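Tertiary structure, described
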Amino acid sequence: MNRTLNKLRRRGPRLALVASALLVAAGLSAPAALAADDYTQSVTQLSSTQLQLNFTPTTPAVYVDVHYTGVPGVGQQNVRMVNGSGTWRTTVNGLSTGNTLDYWFTYEKSGPQYDTPHFTYTVGGSSTTVSAPTFSPPGGTYSSAQTVTISSATSGATIRYTVDGSTPTASSTLYSGPISVPNSRTVNAIALKSGSTTSPVSSASYTIGTQAGCPTQSDTPNFGSNVRIFDPGMSAATIQAQLDTDFNNQKDTLTAQFADRRVAHLFKPGTYNNVHDNVGFYTSVAGLGQNPGDVVINGDVTVDAFNASDNGVALQNFWRSAENLAVVPSGGSERWAVAQAAPFRRMDVRGNLQLYPASYGFASGGYIADSKVAGQAASISQQQWYTRDSQLGSWDGGVWNMVFSGTSGAPANTFPNPPETTLSTTPVSRDVPYLYVDGTGKYRVFLPSLRTNASGPSWASGSTPGTSAPMSQFYVVKSGDTAASINNALAAGCNLFFTPGIYHLNQTLNVTKANTTILGIGYPTLVPDNGVNAMQVSDVDGVRLKGLLFDAGTTNSQALLTVGQSGSSASHASNPTTVQDVFFRIGGAIAGKATNSLIVNSANTIIDHIWAWRADHGNGGTVGWNTNTADTGLVVNGANVLATGLFVEHYQKYQVIWNGQGGKTIFFQNEMPYDVPNQASWNAPSGVAGYAAYKVGANVTSHEAWGLGSYCFFDTNPAVSSYHAFEVPNTSGVKFHSLLSVSLNYRGTITHVINDTGGVTPSGTVPVNVVSYP
């Protein structure tokens, strides 16, 4: 049995064939950012079996498409609407009393196109969902008091709002005109209309004038019951007993992979002998020294194919991390056999590093940064791997594409034979913020400096350059915290430290202050409820997001994380926002839905290791073409955005859309959706077969990428194909290096690698390689 077939078996049950197809109207293209004040929409019930959908754009549109589901016996429909005197209309037939129609629009505005949120209408019952309120000016930092206008695109809607961080209800203060915001606060609002479903909650956080800053927090906080803190004075037996208990709870791929348990193992500075930390799901292991050598483990920090059900492969070893410590491996070699969302950062391995299971079974891809391996790092069975700003004794192995930037000891650039892609430096990088204990026993968070054209670990010559912030400036988020309490802390000027846990959000978390740090350990999981967007970052300098898992809620969110408002244009070159070890999941644990996972509007943002995953397996009832719906994993609109370590898989349209100028990507790993029901449901707006995995916008004149791979496995219907994996403008300023496509076990095909270049994927799970384009 070949490696790929084994992978496909282990990645989980195949998705069931669904009866209804996603029929995409001709001319539909990738959505830009939502502009909810651009239109009004309504439903007219013509009879007990017939509805008329109406859409009136504020700016005349060249076209409007409507997409809807809910007609008995008919799958999703995508229809070009008919314009009459500025209002676009479509009639829906075949309904009966009690049927609920789910619908949304795609409309053109001055060239770009936009998607609206989803609306619902119940025949003979409730009406549409009211459009969510919008704020003018938007939330942000202002030098003086603001007068804020709140509006809804739904004609005749009333608005209720709160200013104390609480969730508004029908009995909250009625909005009757512009409101004064004299000091920092979060304004929440809903829109209501008789006969219609109340809108989702909208939030805007305002920071006014010079603030006193975060109300003082403890410098020795209580991190809660899910954080284990070990001291070198503890006996090895006591430490091992706790590690073993946690591992037994977190190890099993069948039962722990989508469980709610989260845990962190933190080691205070010192030396630990005979300690063996086997790392299971949702477990973070980290040293609490200022530099990796401050914590020395004489033993092991290990990930392997632990379970009998794994059959010796590591293809589902997701969601675990190791950071900021030195390991002297007990057998001379450290083993870190992982797949996605398993960062290995700031690690000092005083021996060899094996990135494959002890069985030599298959593994899917991973990430190392700011680390040192004294001996040999060996990938062996890893499909793709990215190593950044590190130092290796040597490197061995490679399946399809091993990518290195700023890494001494890396192999030469020889793609595709052998498949090594090597850049001598990383253009821009900044190590992650991390928790440590100072000499007085107080906790602090270290904030590394920005690096340009970096090579080697940031700590190679001593301490990592940067500054630190006391925990007195961090609000520690733990069990019992709500979106309101978190937003209140942000509005007061606090940074956030998320402890391991599941956090349901009934309002958007608004990050409005420059240089805010949001740091998570133990895979804190943010779940948006009621269709809200989970987090919005303002277009400000220096926000740092690290160590978060966004898990889409069961009501569709337009986006899980947005960086910068639509149209953001300020330069942040000297102090960019960084998104690091931030992961997105649609389905798997719950039947999640989100149109987009990550939207980046701010210029110069660094996306440093994300995995955006529309689940291909999971708990029962959480996965399916019409169940865990998601269009796109990453949309980049900002200029000069850099992605280092980009993993995006299984979305239902383009996996990545890059509209911003001057973008760069180093390393991209992708699988197209497994569960496409048929070709007609998955043809791109241009009319070609399938959606490209990575699409650069037609107006982009400057973009460059290195080390990219896209795989197809159309398991539901192997007759499906994609015309190309990468779709880019044919211009000299758009350049791609070391890219490939693969048909896994020959389930479907990709006709070309990039545009019309590169041959059709053959059988035998053999890559089609393109060294450079154009």
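This is a predicted model, so every value here is computed, not measured.

Conventions used here
- Residues numbered from 1 in each chain as written.
- Predicted model: local features only at pLDDT ≥ 70, side-chain atom pairs only at ≥ 80, totals over all residues.
- Heavy atoms only, no water.
- Buried < 20%, exposed > 50% of the residue type's maximum accessible area, 1.4 Å probe, protein only.
- Helix = DSSP H or I, 4+ residues; strand = E, 2+ residues; numbered from the N terminus.
- Pairing = 2+ DSSP bridges.
- Axes fitted to C-alpha atoms, helices over the stretch in contact; angles between N-to-C directions.
- Polar contact = N/O pair within 3.5 Å; in protein donor to acceptor, adjacent residues only side chain to side chain.
- Contact = heavy atoms within 4.5 Å.
- Disulfide = S-S within 2.5 Å.
- Salt bridge = Lys/Arg side-chain N within 4 Å of Asp/Glu carboxyl O.
- Phe/Tyr/Trp six-rings, centres within 6.5 Å; stacked < 30°, edge-to-face > 60°.
- Lys NZ or Arg CZ within 6 Å of the ring centre and 35° of its normal.

**As for the pairing of strand E51 (residues 642-649)**
For E51, the buried fraction is high: eight of the eight residues fall into the buried class. The pairing of strand E49 (residues 606-614) with E51 spans seven bridges and is classified as parallel. Within E51, the position partnered with isoleucine 610 by the bridge is leucine 646. Pairing of E51 with strand E53 (residues 663-671), which is carried by seven bridges, proceeds in the parallel orientation.

**So, the environment of glycine 441**
As for its position among the elements, glycine 441 is in the loop between strand E34 (434-437) and strand E35 (443-448). Here the alpha-carbon distance between glycine 441 and lysine 268, two residues 173 residues apart in the chain, equals 9.6 Å.

**Some details on helix H3 (residues 483-491)**
For H3, a buried count of seven out of nine residues is recorded, marking the element as mostly surrounded by other parts of the structure. Among the residues of H3, Ala483, Ala484, Ile486, Asn487, Ala489, Leu490 and Ala491 are the ones counted as buried. Two residues or fewer after H3 comes glycine 493, characterised by a positive phi angle close to 100 degrees.

**Examining the sheet that holds strand E10 (residues 134-136)**
Across the sheet, three strands lie side by side as E10-E12-E15; this open sheet has antiparallel pairing. At either margin of the open sheet sits one strand with a lone partner, and together these are E10 and strand E15 (179-181). Across the sheet, the mean angle separating the axes of adjacent strands is 35 degrees when strand polarity is ignored. The sheet contact formed by strand E12 (residues 146-151) and E15 spans three bridges and is antiparallel. Bridge pairing links valine 148 to isoleucine 179 in E15.

**As for the pairing of strand E48 (residues 594-600)**
Most of E48 is tucked away: seven of the seven residues are buried. Summarising the sheet, strand E46 (residues 557-563) and E48 pair through five bridges and their orientation is parallel. Within the sheet, the bridge partner assigned to serine 557 lies in E48 and is alanine 594. With four bridges joining them, E48 and strand E50 (residues 632-636) adopt parallel strand pairing.

**Comments concerning the sheet that holds E50**
What the nine strands build is an open sheet, ordered E41-E44-E46-E48-E50-E52-E54-E56-E58; its pairing is parallel. At either margin of the open sheet sits one strand with a lone partner, and together these are strand E41 (509-511) and strand E58 (749-754). Within the sheet, the average angular offset between the axes of one strand and its neighbour, ignoring direction, is 25 degrees. In this sheet, strand E56 (residues 721-727) lies alongside strand E54 (residues 694-696) in parallel orientation, the contact comprising two bridges. By the bridge assignment for E56, lysine 695 is matched with glutamate 727.

**Focus on the side chain of serine 379**
By secondary structure assignment, the location of serine 379 is in strand E28 (residues 372-380). Here glycine 397 takes part through its backbone oxygen, which lies 3.3 Å from a polar atom of the side chain of serine 379. When sequence neighbours within four positions are dropped, the list of residues in contact with serine 379 reads Leu355, Tyr356, Trp395, Asp396, Gly397, Gly398 and Met402.

**A closer look at the state of the cysteines**
Across all of its chains, the model carries one disulfide by this definition. Across the disulfide, cysteine 214 is cross-linked to cysteine 494 (sulfur-sulfur distance 1.9 Å). Taking the sign of the S-S torsion, about 80 degrees here, the bridge from cysteine 214 to cysteine 494 comes out right-handed. Residue cysteine 214 is located in the loop between strand E17 (202-208) and strand E18 (227-230), and its partner cysteine 494 is located in the loop between H3 and strand E39 (495-498); the two are separated by 280 residues in the primary sequence. For the pair formed by cysteine 214 and cysteine 494, the shared burial category is buried.

**Some points on unusual backbone geometry**
The residue after asparagine 417, namely proline 418, is reached through a cis peptide bond having omega -10 degrees. Its place among the elements puts proline 418 in the loop between strand E31 (401-405) and strand E32 (420-423). That bond from tyrosine 773 to proline 774 is cis: its omega, 0 degrees, falls within 30 degrees of zero. By secondary structure assignment, the location of proline 774 is in the segment after strand E59 (768-773).

**Describing the pattern of salt bridges**
Evaluation of the coordinates by the stated rule reveals 17 salt bridges. Notably, a salt bridge pairs arginine 345 with aspartate 608, separated by 3.0 Å at the nearest N-O pair. Of the two residues, arginine 345 is situated in strand E25 (residues 344-349) and aspartate 608 in strand E49; the sequence distance between them amounts to 263 residues. Residues arginine 345 and aspartate 608 agree in their burial class; the two are buried. With a closest N to O distance of 3.7 Å, lysine 653 and aspartate 631 form a salt bridge. Note that lysine 653 is positioned in the loop between E51 and strand E52 (656-658) and aspartate 631 in the loop between E49 and E50, a separation of 22 residues in sequence. What makes aspartate 631 buried here is its relative accessible area of 14%. Put simply, Arg345, Arg388, Asp389, Arg451, Asp581 and Asp608 are held in one network by salt bridges that share partners.

**Let's talk about the packing of aromatic side chains**
By the definition in use, this model includes 47 aromatic pairs. Judged by centre distance (6.1 Å) and plane angle (55 degrees), the rings of phenylalanine 726 and phenylalanine 736 are tilted. Of this pair, phenylalanine 726 sits in strand E56 while phenylalanine 736 sits in strand E57 (residues 734-743); the two residues are 10 residues apart in sequence, bridging distant segments of the chain. Take phenylalanine 726 and phenylalanine 736: they sit in the same class, and that class is buried. Clustering of aromatic rings is evident, with ring pairs tying together Tyr39, Phe55, Tyr103, Phe105, Tyr107, Tyr114 and Phe119. Here the basic side chain of arginine 262 rests over the ring of tyrosine 282, its NZ or CZ set 3.7 Å away from the ring centre. In this structure, arginine 585 packs its charged tip against the face of tryptophan 319, placed 4.7 Å from the ring centre.

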